[in-house]
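# Descriptive structure summary
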Amino acid sequence: MKRITFALAMIAASPALGQVTADTPNPLAGKADAADAGHALFGKMNCAGCHAYDLTGGMGPDLTDASWQYGGKPGEIFHTIAEGTPRGMPAWKDKMTADEIWQVVAYIQSKKQ
Amino acid sequence: MVVRKILFGAALLCGAALPVLGAGAPGGEAAPQNKSFTGAIANLAPGDAAGQWTRQARDYANTRYSPLTQINKKNVGRLRIAWTFSDGQMYGHEGAPLVVGDTMFLVTPFPNIAYALDLSKPGAPIKWVFQPNPDPRAIGEACCDRVLRGWAYADGKLIYNLLDDHTVAVDASTGKEVWRVLLDDVSKGPTMTQAAFTVGDKVYVGSSGGELGTNGWFQALDVKDGHTVWKAFTNGPDSGALIGDDFKPFYPWMKGKDLGVSTWPKDMWKQGASAPWGWVSYDPDLNEVYYGTSNPGPRTPSQRPGLNLWSSAVFARDANSGAAKWAYQFTPHDEWDYDGVNENVLLDIPWKGAKRKVMVHFNRNGFAYTIDRANGEVLVAEPFGLQNWAKKIDLATGMPIVNDAAHPIVEKKVENICPPDIGVKNWNPSAFSPRTGLLYAGVFNSCMDLTNHIVQYIPGATYDGMEMVRHAGPGGNWGEFIAWDPVAGKRIWSIKENLYVWSGAVVTGSDLVFYGTMDGWFRAVDARSGKVLWSQKLGSGITAAPMTFLGPDKRQYVAVYAGVGGGAGVLRREKGFMPGGNTLYVFSVDGTGIGTGASQLVSHAGAAAPVSVPPGTAHN
């Protein structure tokens, strides 16, 4: 019951893919469940293969430091995940829903130093 | 332990790494001065002029042996920088310069810019630059930095791979593109980082992407126009792997039909990687090429029960047709990312009273194999560094006896598996001297705590599953540089280094071995005793292969890139790891050369012909 309520709340709160701008706040910010769900997705969607299971990077950039090639605001991170980058980050908008991407953003935000 | 650490520190303060004589030092006596330790020799075909360096490993056999002797034990201490060249690209530098005639050829990491330098003029100015402009999407698909491990010269062309899955040929005299062929789809994961290898009218190239769910392949292209002469997939049906009637593996467990399919769960071979991204060697007598294959994908082994042929293996193929002659899987059902792509050095050794044509291969898994290259029989398989995943290699079956404690477990940390994924040695090529009969290799001393995760295949994303923490092995030093006896299967001497020794090596006719360290020291070592004779700190860590050549002034030079990167980046948070770089350093005795002496004192704008200082004349 709790899970369903939570999922509904997220759908209600999340802006659709095309409506996210650099300044859009993460609708799931601060919600521990969202970061946990993002953690699971981070492994399941193979993000960890490039950015490492501790997010400190390897094949891809460190996600825990203050350096962001494509912007470190939640909306910018959302955009990078959804659209990919010209330097090889795949676009995930066809493989994850907007809510799932926000969960991954929440997880990354929870790990920022 | 504290005392040991202090002693180690003191040795470093003295400015010279100290050699440790192995049990193999002959009776504790002084090393033989002109005798071979082992009797091993090599066919040095194609037998280029002594001062030239026209292929990455100098010869088909992959010895990296130069017969030059101008720089010797007496004057090596006077090596100084003659000139340098910065290529501006900041990814890891791994290849060795080629010298053909009076021209030096360099190719940068991504974006794979080629330079021809005119060695006949002061300061070796640029003759031409070629910019291929590869697709930047390749940056995100390359597992281990955006590197290129080498480039090739043949038929008046400089030929090399681009990270975005092209091979390109450039006119060596003009720098104009002659041909470019597309060999795979970078958006799905494969890249090309391998050093193209040329023999006669063919260039041999292989794919990269062991962590990207790729379907690895190796192919021969025509040097004239780049068209594919033959192509062999590593895995899958025998027809695609060019496995037919000529295929005679030595061990029975590698015999059977379509093992590249049946040793995998249904269809998983299609994303089974096994990419041939390492070195190629060639035997002109047998007319065979030899190359290894990468780890299987995904790296989580519980997802792919079976032997997973032909991952983590070596192939012998007919150079003309590609028909497989034999194969040997070093690490069956590889559970630790022990790729089989390291160099195969082709030697002739005395073996039980007869001569055997062998290959010597330092595998990531920590065993050095001496294998009969005519039939694939393993003659010697001994640890050359720290490993605990296997008790031994059973020479009766060719199979490792795996240590039960080394099996990874999904979602559970298994501690202290040695070596970690990057191995006891990686792609960094060893050198062999026919004078000493020994091989010289940079090696790693480390282990991992490993937690495996289940992964799914997503095209273009990693297909990996290994979460690990690497730590240095006993002694606290991450690296060593060793001399190896390939007949007895034992170390002769070793030099401890702070970080992984991830550079290539070159050995000369004056018994000098050159290698570099990740903390930026370029060293010359006595090939017989392991005594360090000269060291120079460079501007970045060294992960490239050094080489040596004679300039147009008949003077011997030694060259190496300093530009740490590639897989060596796994130590980027360790003390002493240097920032990236992109400078080629060229050394000579006293730093003299075409750019010094009288020519140093004039502007080269409109200058007359450069003044050459004869060899052996120190400038004053």
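Above: the structure in question.
Described below are features of the structure shown in this document. Nothing here was measured: the structure is a model prediction, and the numbers come from that model.

Along its length, chain A carries five helices and zero strands. Start at the N end of chain A and walk to the C end: the helices and strands fall as α-α-α-α-α. Out of the 113 residues belonging to chain A, those deemed buried represent 41%. Of the contacts made within chain A by residues no fewer than 6 positions apart, 67% connect residues no fewer than 24 positions apart.

We now examine unusual backbone geometry. The bulk of non-glycine residues show a negative phi, and the bulk of peptide bonds are trans. All names here are of chain B. For the bond running from Phe110 to Pro111, omega is 10°, close enough to zero to count as cis. At the junction of Leu309 and Trp310, the peptide bond is cis and its omega measures out at 10° in the coordinates. Here Trp310 shows up in the loop between strand 17 (288–292) and strand 18 (313–318). The backbone phi angle of Asn133 is positive, close to 50°, even though this residue is not glycine. Position of Asn133 relative to the elements: it lies in the loop between strand 7 (126–130) and strand 8 (152–154). Positive phi, close to 65°, is recorded for Lys554, a residue that is not glycine. Relative to the elements of secondary structure, Lys554 occurs in the loop between strand 37 (547–550) and strand 38 (556–562). On the neighbour-count criterion, Lys554 (12 C-beta atoms within 10 Å) is exposed.

With that settled, consider the sheet that holds strand 34 (residues 512–516) of chain B. Residues and elements named next belong to chain B. Across the sheet, which stays open at both edges, the five strands sit in the order 2-33-34-35-36 with mixed pairing between neighbours. Strands at the two margins of the open sheet, each flanked by one partner only, are strand 2 (65–66) and strand 36 (532–537). Of the pairings in the sheet, the one linking strand 35 (residues 521–526) to strand 36 comprises five bridges and is antiparallel in character. Counted as the bridge partner of Arg523 is Ser535 from strand 36.

Let us now look at the interface of chain A and chain B. With 15 residues of chain A at the contact, the number on the chain B side is 18 residues. Those elements that place two or more of their residues in the side of chain A that touches chain B are helix 2 (32–44) and helix 3 (47–51) of chain A. When grouped by side-chain class, the residues that make up the side of chain A that touches chain B number seven nonpolar, five polar and three charged.

All names here are of chain B. Examined bridge by bridge, strand 22 (residues 367–372) and strand 23 (residues 378–383) share five bridges and lie antiparallel to one another. Residue Phe367 lies in a different strand from strand 23, and its bridge partner there is Pro383. As consecutive antiparallel partners, strand 22 and strand 23 are separated by five residues, and within that stretch Gly376 has a phi angle of approximately 85°, a positive value.

This part covers helix 5 (residues 98–111) of chain A. All names here are of chain A. With 14 residues, helix 5 should reach 20 Å at 1.5 Å per residue; the first-to-last C-alpha distance of 20 Å fits that figure. In terms of burial, helix 5 is a largely internal element, 11 of the 14 residues being buried. Of the residues making up helix 5, those classed as buried are Ala98, Glu100, Ile101, Trp102, Gln103, Val104, Val105, Ala106, Tyr107, Ile108 and Gln109. The inward-facing, buried residues of helix 5 contact helix 2, helix 3 and helix 4 (74–83).

This brings us to the packing of helix 4 of chain A against helix 5 of chain A. Residues and elements named next belong to chain A. Their axes nearest at 9 Å, the elements helix 4 and helix 5 cross at an angle of 125°. It follows that helix 4 is oblique to helix 5 by the angle criterion. Of the two possible hands of crossing, helix 4 and helix 5 adopt the one that is right-handed. Of the residues in helix 5, those touching helix 4 at Pro74, Ile77, Phe78, Ile81 and Ala82 are Ile101, Trp102, Val104, Val105, Ile108 and Gln109. Residue classes in the contact of helix 4 with helix 5 are distributed as 10 nonpolar, one polar and no charged.

Turning our eyes to something else, we now look at the sheet that holds strand 19 (residues 324–329) of chain B. All names here are of chain B. Strand order in the open sheet made by the four strands is 16-17-18-19, with antiparallel pairing throughout. Two strands lie at the open edges of the sheet, namely strand 16 (280–283) and strand 19, each paired on one side alone. In this sheet, adjacent strand axes meet at a mean angle of 15° when their direction is disregarded. With five bridges connecting them, strand 18 and strand 19 associate as antiparallel partners. Directly across from Ala316, in strand 19, lies its bridge partner Trp326.

The end-to-end C-alpha separation of helix 2 of chain A is 18 Å, in line with the 18 Å expected for 13 residues at 1.5 Å each. Residues A:Ala34, A:Ala35, A:Ala37, A:Gly38, A:His39 and A:Phe42 constitute the buried set of helix 2 of chain A.

Residues and elements named next belong to chain B. In this structure, Tyr440 and Val513 are the most contacted members of the largest nonpolar core, which totals 206 residues. For Val513, the residues in contact, after removing those within four places along its chain, are Ala431, Tyr440, Ala505, Val507, Val525 and Ala527. Core analysis: the next-biggest nonpolar cluster, separate from the first, contains five residues, Ala273, Trp277, Val341 and Trp427 among them.

The rules behind these values
- Residues numbered from 1 in each chain as written.
- Chains lettered and ligands numbered in written order.
- Predicted model: local features only at pLDDT ≥ 70, side-chain atom pairs only at ≥ 80, totals over all residues.
- Helix = DSSP H or I, 4+ residues; strand = E, 2+ residues; numbered from the N terminus.
- Buried ≥ 20, exposed ≤ 12 C-beta atoms within 10 Å, placed from the backbone.
- Contact = placed C-beta atoms within 7 Å.
- Pairing = 2+ DSSP bridges.
- Nonpolar A, V, L, I, M, F, W, Y, C, P; charged D, E, K, R; others polar.
- Expected span 1.5 Å × (residues − 1).
- Axes fitted to C-alpha atoms, helices over the stretch in contact; angles between N-to-C directions.
- Parallel < 35°, antiparallel > 145°, perpendicular 65-115°, else oblique.
- Left-handed = near helix turned anticlockwise from the far one by under 90°.
- Core = buried A, V, L, I, M, F, W, Y, C linked by C-beta atoms within 7 Å.

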